[in-house]
Amino acid sequence: MSDNNTQDNRYDAGMAVRRDVMGDDFVDAALERNTGKDGEELQNHVTATVWGSVWTRDGLSRRDRSLLNIGMLVALRATEELRGHVRGALVNGLTREEITEAIIHSSGYCGAPAALSAMKVAQEVLENELGPKD
C-alpha cells in the first residue's frame, strides 16, 4: 500500500469518527472556514492523524477519550475547542454531571481560572443541548 493510500484511508476513517463525535454541522463549518485557505492543510492533517490515527485506536472507548479531552482542553485553556468537545462528550455518553465533575476535577490540577473559563463554555453548550439544569 502506498503512503498516499494509507493517508487517504486514515483521512476517510478520521472523517467518519470526526462526524460521529462532533456532528456534521460542526465538521462542515470547520472545513468550510478553511477551504482554499492556509488552514485547509491543517484540517486535513488533523482529520487524518488525530481523528484517523488516534481516535480509531483500540484501548479506550470514545467516552473515555472525550473525558480525557475535556481535562486536556481545560489545561490548555482551549475553550473554542472545548465547546465542540463538550457536545462530542454528550454524543459519546458522558452526562452533564460527569462533564461538570471533569471540569471541577481539572480545577485542582489546572487552576481555578482555567476551570472557570471552561465551565462558562461547558454551561453554554449543556444548556443549548440539554436545556437548563433541573
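In case you missed it, the structure is sitting above this.
This text gives an overview of the structure that appears in the document. (Residues numbered from 1 in each chain as written. Predicted model: local features only at pLDDT ≥ 70, side-chain atom pairs only at ≥ 80, totals over all residues. Heavy atoms only, no water.)

### Some details on a nonpolar patch on the surface
Thought 1: Residues Leu 60, Leu 68 and Met 72 make up a contiguous nonpolar surface patch of about 270 Å² in total accessible area.
Thought 2: Positionally, Leu 60 belongs in the loop between α3 (40-54) and α4 (62-76). (Patch = residues over 30% accessible without salt bridge, like charges linked within 9 Å, V, L, I, M, F, W, Y side chains within 5 Å. Areas by Shrake-Rupley, 256 points an atom, 1.4 Å probe, with all protein chains shown as cover. Salt bridge = Lys/Arg side-chain N within 4 Å of Asp/Glu carboxyl O. Helix = DSSP H or I, 4+ residues; strand = E, 2+ residues; numbered from the N terminus.)

### A word on the nonpolar core
Thought 1: By size, the foremost hydrophobic cluster in this structure holds 19 residues, and its most contacted members are Ile 70, Val 74, Leu 82, Val 86, Ile 99, Ile 103 and Ala 122.
Thought 2: For this core, the secondary-structure elements that each account for two or more residues are α4, α5 (79-91), α6 (96-110) and α7 (112-130).
Thought 3: It is α7 that contributes the most residues to this core, eight residues altogether.
Thought 4: What Ile 99 contacts, discounting residues up to four positions off in sequence, is Ile 70, Val 86, Ala 89, Leu 90, Leu 94, Ala 122 and Leu 126.
Thought 5: Counting residues in hydrophobic clusters, the runner-up holds eight residues, among them Met 15, Val 17, Met 22 and Leu 31. (Core = buried A, V, L, I, M, F, W, Y, C linked by side-chain atoms within 4.5 Å. Buried < 20%, exposed > 50% of the residue type's maximum accessible area, 1.4 Å probe, protein only. Contact = heavy atoms within 4.5 Å.)

### A closer look at the side chain of Thr 47
Thought 1: The topology assignment puts Thr 47 in helix α3.
Thought 2: Not counting chain neighbours up to four residues away, the residues in contact with Thr 47 comprise Arg 10, Tyr 11, Gly 14, Met 15, Arg 18 and Gly 52.

Geometry only, nothing functional implied.
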